[in-house]
Amino acid sequence: MSVNRKKLIIEAATKSFSLFGYKATTMDQVAKIANVGKGTIYTFYANKEELFKEIVDNMIVEMEQEANDVINPKLTFTENLHLTLYRLLEFRREHQLMIKLFQEEQEIRTPTVLEMVEEIENAIISFIAQKIKIAIQKKYIKDCDPELTAFLMLKMYITLIVDWERIRQPLNKEEIAELFDLYLFKGLSL
């Protein structure tokens, strides 16, 4: 029975955080949405931050699963990298809680949200770095710092998808893959 209540609480809190953001969500709202007493929430979580952290951790696991699901062993490292990065950023753009977190990060700069957004970004970088380490071991790419390379790859992708769209016509998936390959793997030298 307690597992069902915990699940109800997590679902209710996710809904509240997605609709109202972290700062505006209260434990009273979560209790009301979950149809449990506020004291029941505190039997599972010491505070709102702890509840929020578990939800973000679950979202990171879900995001990594989504990224792993697009990897195709028949494709090259660069093709899989493109598919993975594209899927991770699609997840960021489609997942309601993620959208609300990034909105709150930009507009309100709530410290707990800033910390969780950083945790999400670090999880993405770590995920990509693991793939880079494997690619280095298999001699698909040159030896490099996997974490720094993952950081640069993620930032380049964000720039090509998110930042570029703010000022110019959006690039399609193929154009992004070509640019990523040109600037990161082939280089501009003749």
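Keep in mind that this is a model prediction, so the values were computed, not measured. (Residues numbered from 1 in each chain as written. Predicted model: local features only at pLDDT ≥ 70, side-chain atom pairs only at ≥ 80, totals over all residues. Heavy atoms only, no water.)

**What about the layout of surface pockets?**
There is about 440 Å³ of room inside the largest pocket. Lining the largest pocket are 18 residues, and of these Arg92, Phe102, Glu105, Val162 and Arg166 sit closest to its centre. When contributions to the lining of the largest pocket are tallied by element, the ones reaching two or more residues are helix 5 (77-94), helix 6 (96-107), helix 7 (111-137) and helix 8 (146-167). Top contributing element to the lining of the largest pocket by residue count: helix 6, with 6 residues. Lining the second largest pocket are 15 residues, and of these Ile71, Phe77, Asn80, Lys131 and Ile134 sit closest to its centre. (1 Å grid on protein atoms, 1.4 Å probe; cavity = no way out; pocket = protein on both sides within 12 Å on 5 of 7 lines; lining within 4 Å. Points joined across faces, edges and corners; volume = space filled by probe spheres on them. Helix = DSSP H or I, 4+ residues; strand = E, 2+ residues; numbered from the N terminus.)

**Concerning the pattern of salt bridges**
Between side chains of opposite charge, a pair can form as their charged atoms come close. Scanning the model with the defined rule gives 12 salt bridges in all. A salt bridge links Glu54 to Lys6; its shortest N-O distance comes to 3.9 Å. With Glu54 in helix 4 (residues 48-69) and Lys6 in helix 1 (residues 2-24), this pair connects stretches of sequence that are 48 residues apart. The class for Glu54 is partly exposed, based on a relative accessible area of 23%. Taking the relative accessible area as the measure of exposure, Lys6 reaches 29% and is therefore partly exposed. Connected through shared salt-bridge partners, Glu66, Arg87, Glu90 and Glu94 make up one network. (Salt bridge = Lys/Arg side-chain N within 4 Å of Asp/Glu carboxyl O. Buried < 20%, exposed > 50% of the residue type's maximum accessible area, 1.4 Å probe, protein only.)

**Some thoughts on the side chain of Ser18**
By the secondary structure assignment, Ser18 is in helix 1. Only 2.7 Å separates the side chain of Ser18 from the backbone oxygen of Thr14, close enough to count as a polar contact. Excluding anything up to four places from it in sequence, Ser18 contacts Gln96, Leu97 and Lys100. (Polar contact = N/O pair within 3.5 Å; in protein donor to acceptor, adjacent residues only side chain to side chain. Contact = heavy atoms within 4.5 Å.)

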